[in-house]
Amino acid sequence: MRILVIEDEKKVASFIKRGLEEENFSVDTAYDGVQGQYLAEINDYDLVILDLMLPGKDGLEVCRELRQKETKPLILMLTAKDTVEDRIKGLNIGADDYLVKPFIFEELLARIRAILRRGKPIVSLRLEVGDLVMDPVKHQVTRGGKEIHLTSKEYALLEYLMRHPGDVLTRTKLSEHVWDNDFDTFTNIIDVYINYLRNKIDRGFDKKLIHTVRGVGYMIKA
Ligand code: CA
């Protein structure tokens, strides 16, 4: 899952980025509203964490404009102003949730998980494809009950695949949701990581879960 953090306090932005990367999210940061909105327009984020008071263009305005976007990223607003009016304004304009600064990272993470879940008709947090099971809270992956150890990038790639079972995912889509802005389009890094995943997930099993869709991309299905 790919997240954009728009926050002008660099210390807060890097604290959020670091914490989320430890949770296997891909994170880009922007320090003002104009740059943030630009990144949100050229990239396909699953979630935007948006500060309310921003130089250039304020959070409410960015939120309003992101709502017009076809892909409609989920939006979590951050603000230091804990007033009822601000909350109502933010939610009316289309933010999916609201968090008042200062906050502890665990609360931010819990809100993010709740928002991402609301976007999908999934009751359980557990992701399952056949006998492959991912528990995003424990960061645990098992196949046939046996634990599989993945690197952070392998995990992020598998999570994205498992959130879209049966969908053909192009390399572009995978790069946009699993890698951050430093991704180099001219490498075959996605194919390399798919191979790593196959070695860990499918090798030794008769039923392969990761499928190549020739000329298009990849798909996971039971
Ligand atoms: Ca601010």
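What counts, and where the lines are drawn
- Residues numbered from 1 in each chain as written.
- Predicted model: local features only at pLDDT ≥ 70, side-chain atom pairs only at ≥ 80, totals over all residues.
- Heavy atoms only, no water.
- Helix = DSSP H or I, 4+ residues; strand = E, 2+ residues; numbered from the N terminus.
- Buried < 20%, exposed > 50% of the residue type's maximum accessible area, 1.4 Å probe, protein only.
- Pairing = 2+ DSSP bridges.
- Contact = heavy atoms within 4.5 Å.
- Axes fitted to C-alpha atoms, helices over the stretch in contact; angles between N-to-C directions.
- Domains from an automatic or database assignment.
- Buried area = accessible area lost by both parts, 1.4 Å probe.
- Salt bridge = Lys/Arg side-chain N within 4 Å of Asp/Glu carboxyl O.

(A) Seen up close, the environment of Glu41. Relative to the assigned elements, Glu41 resides in helix H2 (residues 33-42). Accessibility expressed as a relative area gives 46% for Glu41, which makes it partly exposed.

(B) Geometry of the sheet that holds strand S11 (residues 210-213). Ordered by their spatial adjacency, three strands build an open sheet running S10-S12-S11, and the pairing between neighbours is antiparallel. Each of the sheet's edge strands pairs with one partner strand only, and the pair in question is strand S10 (169-170) and S11. The pairing of S11 with strand S12 (residues 217-220) spans four bridges and is classified as antiparallel. Along S12, the bridge assignment pairs Val213 with Gly217. The strands touched by helix H8 (residues 189-201) within the sheet are S11 and S12, with S11 carrying the most contacts at an inclination of about 145°.

(C) Region of the structure containing the domain arrangement of the chain. Domain assignment breaks the chain into domain 1 (2-119) and domain 2 (127-220). In this complex, domain 1 contributes 14 residues to the contact, which on the side of domain 2 involves 16 residues. Between domain 1 and domain 2 lies a buried interface of about 1,200 Å² when both sides are counted; carbon and sulfur atoms form 34% of it. Counting the surface domain 1 buries against domain 2, the share from its top three residues, Arg2, Asn24 and Asp44, is 46%. Counting the contacts that link domain 1 with domain 2 gives one salt bridge.

(D) A look at the side chain of His177. Relative to the elements of secondary structure, His177 occurs in helix H7 (residues 171-178). If we skip the residues at most four places from it in the chain, His177 touches Met1, Arg2, Ser26, Asp44, Asp46 and Tyr160.

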